[in-house]
Every structure is written in structure tokens, then in C-alpha cells.
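Understanding the architecture of this molecule
In case you want the letters, here they are:
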Amino acid sequence: MADHGSDKERFLELGAVVIGMMDYLRALLLDLPIPVVIPELDGDEVTGPVLDTVLALDRARVLIEDEPIPGSHRLAYGHLILEWFTAYEMLCLRQMAGPAPWRLDCAQHAVARFTTIAEMIENDELDDSDES
């Protein structure tokens, strides 16, 4: 039988990380040449303010395509958003469908990918040879 105490603890820890990822992503998008504003993630239901944030983040994927930045940067920002969605959705699914270690593993891997991409952006390690 699974240890639900550790599952819940891991879920709560990942939830806090995903909120931090959103704060980082919001700041990063605001710092673009054409700032993209994402409302603060607020609430614990998938309605109202949370839904507004999720829909705005989805819209940001489209807006990034018009940013005057290299194609590699547009791609990286898009991937950051997708990784956040992956982590967030896995945590939502865990809440709705119940504990399953693979859901939290998926979220944790999305966090790791998000972190890697974010570090590449911060350290200017993206391949700028594609200037389209």
C-alpha cells in the first residue's frame, strides 16, 4: 500500500514550487521587449482567478511569437510555459483523480526541465544562430 503521507507532502512541496515557477515566469514575461502581463495566480479552484491566469498564460504563447527576440528565445519562452502547464496539470489531475506516484513524477520532471530552460535563458546560453 502506498504511503499517502509522503505523497501528500510531496504534492504540497511541488505545489509550492509550481507557484514559484509562475512568479518567475510572470517576471520573465514582463521583462520582454513587449511586456506580456500575466495575472497573479490566486486561489485554489480551477475557476475565477486561476482560470484567468491559465488562459492568459496560454495567450502568452501566441504573443511571444511577435516578440522582437531571436527565434531560439521565443522557443525557450514557449517551452517554459509548456513545462509550467505540464507541472500544473499533473498536480490538478492528482487532486481530481487521486494520488498516483507517476503524476508527481511527471510534475517533478517538468519542474526540472523548466529549471534547465530558465537557467539557459538567464545565462544567455541559447543558440542565437536562428535570428528569425
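A quick note: this is a predicted structure, and the numbers were derived from the prediction, not measured.

**Re the overall build of the protein chain**
Secondary structure assignment for the protein chain yields 4 helices and 0 strands. Helices and strands in the protein chain line up, N terminus first, as α-α-α-α. Residues counted as buried form 40% of the 132 residues belonging to the protein chain. Counting contacts in the protein chain only where the partners sit at least 6 residues apart, residues at least 24 apart contribute 68% of the total.

**Details of the packing of aromatic side chains**
According to the stated counting rule, one finds 3 aromatic pairs in the structure shown. Arranged with centres 6.1 Å apart and planes meeting at 75°, the rings of Tyr24 and Phe114 form a pair that is edge-to-face. Of the two residues, Tyr24 is situated in helix H1 (residues 4–30) and Phe114 in helix H4 (residues 101–122); the sequence distance between them amounts to 90 residues. Under the relative-accessibility criterion, Phe114 is labelled buried at 4%. Taken together, the aromatic side chains of Trp84, Phe85 and Tyr88 make up a single cluster linked through ring pairs.

**A closer look at the nonpolar core**
In this structure, Leu29, Leu57 and Trp84 are the most contacted members of the largest nonpolar core, which totals 39 residues. Only H1, helix H2 (48–63), helix H3 (71–97) and H4 provide two or more residues apiece to this core. Beyond its immediate sequence surroundings of up to four residues, Trp84 is in contact with Val18, Met21, Met22, Leu25, Leu41, Val54, Leu57 and Phe114.

**With respect to the side chain of Arg94**
The topology assignment puts Arg94 in helix H3. For Arg94, a relative accessible area of 10% gives the class buried. Separated by 2.6 Å, the side chains of Arg94 and Asp7 make a polar contact. A distance of 3.1 Å separates a polar atom in the side chain of Arg94 from a polar atom in the side chain of Gln95. In contact with Arg94, other than residues within four places in its own chain, are Asp7, Lys8, Phe11, Pro99, Arg103 and Leu104.

**A word on the environment of Glu122**
Relative to the elements of secondary structure, Glu122 occurs in helix H4. In sequence terms Glu122 and Leu28 are 94 residues apart; their C-alpha atoms lie 9.6 Å from each other. In this structure the side chain of Glu122 is engaged in a polar contact, spanning 2.9 Å, whose partner is the side chain of Tyr24.

**What to know about the environment of Asp58**
Position of Asp58 among the secondary structure elements: in helix H2. For Asp58, a relative accessible area of 37% puts it in the partly exposed group.

**Focus: a negative patch on the surface**
On the surface, Glu119, Glu122, Asp124 and Glu125 cluster together into a negatively charged patch. Inspection of the secondary structure puts Glu119 in helix H4. Given a relative accessible area of 45%, Glu119 falls into the partly exposed group.

**Things to note about H3**
Under the 1.5 Å per step criterion, the end-to-end length of H3 is 38 Å for 27 residues, consistent within 8% with the ideal 39 Å. Where H3 ends, the next residue or the one after it, Gly98, has phi of about 100°, a positive value.

**Section: the confidence of the model for the protein chain**
When the pLDDT values of the protein chain are averaged, the result is 88; 87% of them are 70 or greater. Mean pLDDT across the elements of the protein chain bottoms out in H2 (87) and peaks in H4 (96).

What counts as what
- Residues numbered from 1 in each chain as written.
- Predicted model: local features only at pLDDT ≥ 70, side-chain atom pairs only at ≥ 80, totals over all residues.
- Heavy atoms only, no water.
- Helix = DSSP H or I, 4+ residues; strand = E, 2+ residues; numbered from the N terminus.
- Buried < 20%, exposed > 50% of the residue type's maximum accessible area, 1.4 Å probe, protein only.
- Contact = heavy atoms within 4.5 Å.
- Phe/Tyr/Trp six-rings, centres within 6.5 Å; stacked < 30°, edge-to-face > 60°.
- Core = buried A, V, L, I, M, F, W, Y, C linked by side-chain atoms within 4.5 Å.
- Polar contact = N/O pair within 3.5 Å; in protein donor to acceptor, adjacent residues only side chain to side chain.
- Patch = residues over 30% accessible without salt bridge, like charges linked within 9 Å, V, L, I, M, F, W, Y side chains within 5 Å.
- Areas by Shrake-Rupley, 256 points an atom, 1.4 Å probe, with all protein chains shown as cover.
- Salt bridge = Lys/Arg side-chain N within 4 Å of Asp/Glu carboxyl O.
- Lys, Arg positive; Asp, Glu negative; His and termini not counted.
- Charge placed at Lys NZ, Arg CZ, Asp CG, Glu CD.
- Expected span 1.5 Å × (residues − 1).
- pLDDT = per-residue confidence, 0-100.

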